[in-house]
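Architecture and fold: a report
Chain by chain, the residues run as shown.
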Amino acid sequence: MIILDYDKVAHCLKTSAYVTTPFYSLDNGDVYSMIIAGSAGVPFLQGALAFCDDIQKYECHKMPMADERIHIIFNHDVIESDKNNFETISDLCRGWVLKNGKWILDDVKCISVQRQLLSRFGGIIETDIIAGKKVLIMGVGSFGSDIALGLVKSGVTYFILIDDDRFDIPNIMRHICGLSQVGRYKTKAIADIILDKNSSATVTTFEKRVNRQNSELLRDLIRSADIVVCAIDDRDGKVLTNRLCVEENKTCIFTGAFRRAYGGQILRVHPHQSLCYQCFLKSLPEQAANQEISNDRQAKAISYSDRPVPVEPGLANDITPITQMVCKLVIQELLKDKNTTLRSLDEDLAAPLYLWFNRRETGSDQENWEPLEFNCDGMHILRWYGVAIDADPACPVCGDFLKELARQQGHKTSNKE
Ligand SMILES: [Zn+2]
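Computed from a predicted model, the values in this text were never measured in an experiment. (Residues numbered from 1 in each chain as written. Predicted model: local features only at pLDDT ≥ 70, side-chain atom pairs only at ≥ 80, totals over all residues. Heavy atoms only, no water.)

Taken together, eight strands build an open sheet; the order of strands is 7-6-5-4-2-3-1-8 and the sheet is mixed. Looking at which strands have only one partner, the edges of the open sheet turn out to be strand 7 (102-106) and strand 8 (108-111). Taking each pair of neighbouring strands and ignoring which way they run, the sheet shows an average axis angle of 30°. Of the strand pairs in this sheet, strand 1 (residues 2-5) and strand 8 are connected by four bridges, and their pairing is parallel. (Pairing = 2+ DSSP bridges. Helix = DSSP H or I, 4+ residues; strand = E, 2+ residues; numbered from the N terminus. Axes fitted to C-alpha atoms, helices over the stretch in contact; angles between N-to-C directions.)

Now for helix 7 (residues 186-197). An α-helix turns once per 3.6 residues; consequently, residues spaced three or four apart project the same way. Given a rise of 1.5 Å per residue, twelve residues ought to cover 16 Å, and the 17 Å separating the end C-alpha atoms of helix 7 matches this to within 8%. Those residues of helix 7 that sit buried are Lys186, Thr187, Ala189, Ile190, Ala191, Asp192 and Ile194. (Expected span 1.5 Å × (residues − 1). Buried < 20%, exposed > 50% of the residue type's maximum accessible area, 1.4 Å probe, protein only.)

Even without being a glycine, Asn100 presents a positive backbone phi close to 50°. Inspection of the secondary structure assignment puts Asn100 in the loop between strand 6 (93-99) and strand 7.

Right, let's talk about the coordination of the zinc ion for a bit. At the metal site, the zinc ion is ligated by Cys276 (SG), Cys279 (SG), Cys395 (SG) and Cys398 (SG), and these contacts range over 2.2 to 2.3 Å. What the four donor atoms of the zinc ion show is an angle range of 99 to 121° at the metal, which sorts the shape as tetrahedral. Judged by relative accessible area, which is 1%, Cys276 ranks as buried. Exposure remark for Cys395: the relative accessible area of 1% places this residue in the buried category. (Donors = N, O, S within 2.8 Å, 3.2 Å for Na, K, Ca; no water. Tetrahedral: all angles 85-135°; square planar, octahedral: opposite > 155°, others 65-115°.)

A word on the packing of helix 6 (residues 142-153) against helix 7. Where helix 6 meets helix 7, the closest approach of the two axes is 10 Å, and the angle between their N-to-C directions is 15°. Between helix 6 and helix 7, the angle is such that the two are roughly parallel. Between helix 6 and helix 7 lies a crossing whose hand is right-handed. Of helix 7, the residues touching helix 6 (which contributes Ser145, Ala148, Leu149, Val152 and Lys153) are Ile190, Ile193, Ile194 and Lys197. (Parallel < 35°, antiparallel > 145°, perpendicular 65-115°, else oblique. Left-handed = near helix turned anticlockwise from the far one by under 90°. Contact = heavy atoms within 4.5 Å.)

At their nearest, the axes of helix 8 (residues 215-224) and helix 9 (residues 235-247) sit 10 Å apart, and the two run at 50° to each other. The orientation of helix 8 relative to helix 9 falls into the category oblique. Seen along the crossing, helix 8 lies across helix 9 with a hand that is right-handed. Residues Ser215, Leu218, Arg219 and Ile222 of helix 8 form the contact with helix 9, whose own contacting residues are Leu240, Thr241, Arg243, Leu244, Cys245 and Glu247. Across the contact of helix 8 with helix 9, the residue classes tally to five nonpolar, two polar and three charged. (Nonpolar A, V, L, I, M, F, W, Y, C, P; charged D, E, K, R; others polar.)

The subject of this paragraph is the state of the cysteines. Taken as a whole, this structure holds zero disulfides when the rule is applied. The structure places no disulfide on Cys245, whose sulfur is separated from the nearest cysteine sulfur, that of Cys252, by 4.0 Å. (Disulfide = S-S within 2.5 Å.)

Okay, the nonpolar core next. Counting residues in each nonpolar core, the largest one holds 42 residues, and the members touching the most others are Val135, Ile137, Leu151, Phe159 and Val330. With nine residues, the top contributor of residues to this core is helix 13 (residues 315-334). Residues in contact with Phe159, not counting those within four places in the same chain, are Val135, Ile137, Ala148, Leu151, Val152, Ile194, Thr202, Val203 and Thr204. Within the second largest apolar cluster, 37 residues are counted, among which are Val210, Leu218, Leu355 and Trp369. (Core = buried A, V, L, I, M, F, W, Y, C linked by side-chain atoms within 4.5 Å.)

Once that is clear, we can look at helix 9. The terminal C-alpha atoms of helix 9, which comprises 13 residues, lie 18 Å apart, in line with the 18 Å expected from a rise of 1.5 Å per residue. All of the buried residues along helix 9 are Gly237, Lys238, Leu240, Thr241, Asn242, Leu244, Cys245 and Val246. One or two positions beyond helix 9, positive phi appears at Asn249, with a value near 55°.

By the criterion of burial, strand 13 (residues 252-257) is predominantly enclosed, with six of the six residues buried. Because side chains alternate across strand 13, one face comprises the buried residues Cys252, Phe254 and Gly256, and the other comprises Ile253, Thr255 and Ala257, equally buried. Examined bridge by bridge, strand 12 (residues 227-230) and strand 13 share three bridges and lie parallel to one another. By the bridge assignment for strand 13, Cys230 is matched with Phe254. What joins strand 12 to strand 13 is helix 9, and the crossover it makes is right-handed. Count of turn residues in the strand 13/strand 14 (residues 263-269) antiparallel hairpin: five residues, of which Arg260 carries a positive phi of about 50°. (Right-handed = clockwise from strand over helix to strand, strands pointing away.)

Within the secondary structure layout, Ile190 lies in helix 7. In this structure, the C-alpha to C-alpha distance between Ile190 and Leu161, residues 29 residues apart in sequence, is 8.5 Å.

Two aromatic rings, taken as a pair, are described by how far apart their centres are and by the angle between their planes. By the definition in use, this model includes ten aromatic pairs. Ring centres of Phe254 and Tyr277 lie 4.9 Å apart, and the angle between their planes is 20°; on these two criteria the pair is classed as stacked. Taken as a pair, Phe254 in strand 13 and Tyr277 in helix 10 (residues 277-283) lie far apart in primary sequence, 23 residues in all. The class for Tyr277 is buried, based on a relative accessible area of 1%. Look at Phe357 and Trp369: their rings are 5.2 Å apart centre to centre, the planes differ by 80°, and that puts the pair in the edge-to-face class. (Phe/Tyr/Trp six-rings, centres within 6.5 Å; stacked < 30°, edge-to-face > 60°.)

The following block contains the structure:
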């Protein structure tokens, strides 16, 4: 079967009477598809779209172009046909595939990707509103990539990805990308996965580190985004991201797993309305230090060095609950003030900090929690906990240090009096 993408066909037919285009070959030639956009590792054949007066009389016996392997002929009537009805195009064309030197007639199916892709979302979330929103993801390791995938599945179409890391074999099992991506920049490989889900998505990638040298670029990108997800591992990068987001008044969601992924946390910063990452470092320094294993460098440095862990079969599975919660919070933010079925979650997702524990890890506070049993009381693993923490009024990033100092000194003076 030959799968045509209606939108590409309509565009081609407008521009020329003869257009060449690649067709991706799947399942050893069972399917030839125009639709795959991110296609590293998928073989393709050169194809051509052309016109004739009567497709029923047309015989495909010669190669119009030497390297052409797929040939689709459209009846001239297709131009006058109802362009809004893509299904009629399938009746106004015929397709051949060159196999063993012979042109073989094959079935042709025309699909309108954009019309059908998000049709199931109607009444659940407003994809039109979400589609215009831009999400900036810093770090596309196992966390950031899973979040990107979750968001494109939710209808987000505008992505900016920042990461300077390349795929390596040890990354593969925890990551949404596979062996065909080894050696590539993670940003570019994730961009292909996003485009393979939604070919009309826009993905801009920056193979850069989140550090001071790039702070002006980062500031511009933060300013242009509707929301920022910070899924990098390194403390300095998070501190910098936090400062830029507070200065640009941009909501930022910080996320990562605890060591050996025994749990994870999500901090949502609404500048000047909630605490920021700097306040968080001061209020819960241990909690913050516990986190930094959101990429593989950290995984090696932290998760495997402090004690021998021969196998980590469930690590990817331990990450998913946290990345899915991040997606939920991002969608909630993007659809804020919109009348959707998600509004009932506003009261549930009001906390700035969320904690999740995958197991009762030896040496952690959770070690002595009650096992997950048939009772609902007390603290248990495998549940979300929202934590209320106040901003630090003297926070050097989001607070007013001098005012707070003066207030405290005033306090001391009046106490003495
Ligand atoms: Zn702060």
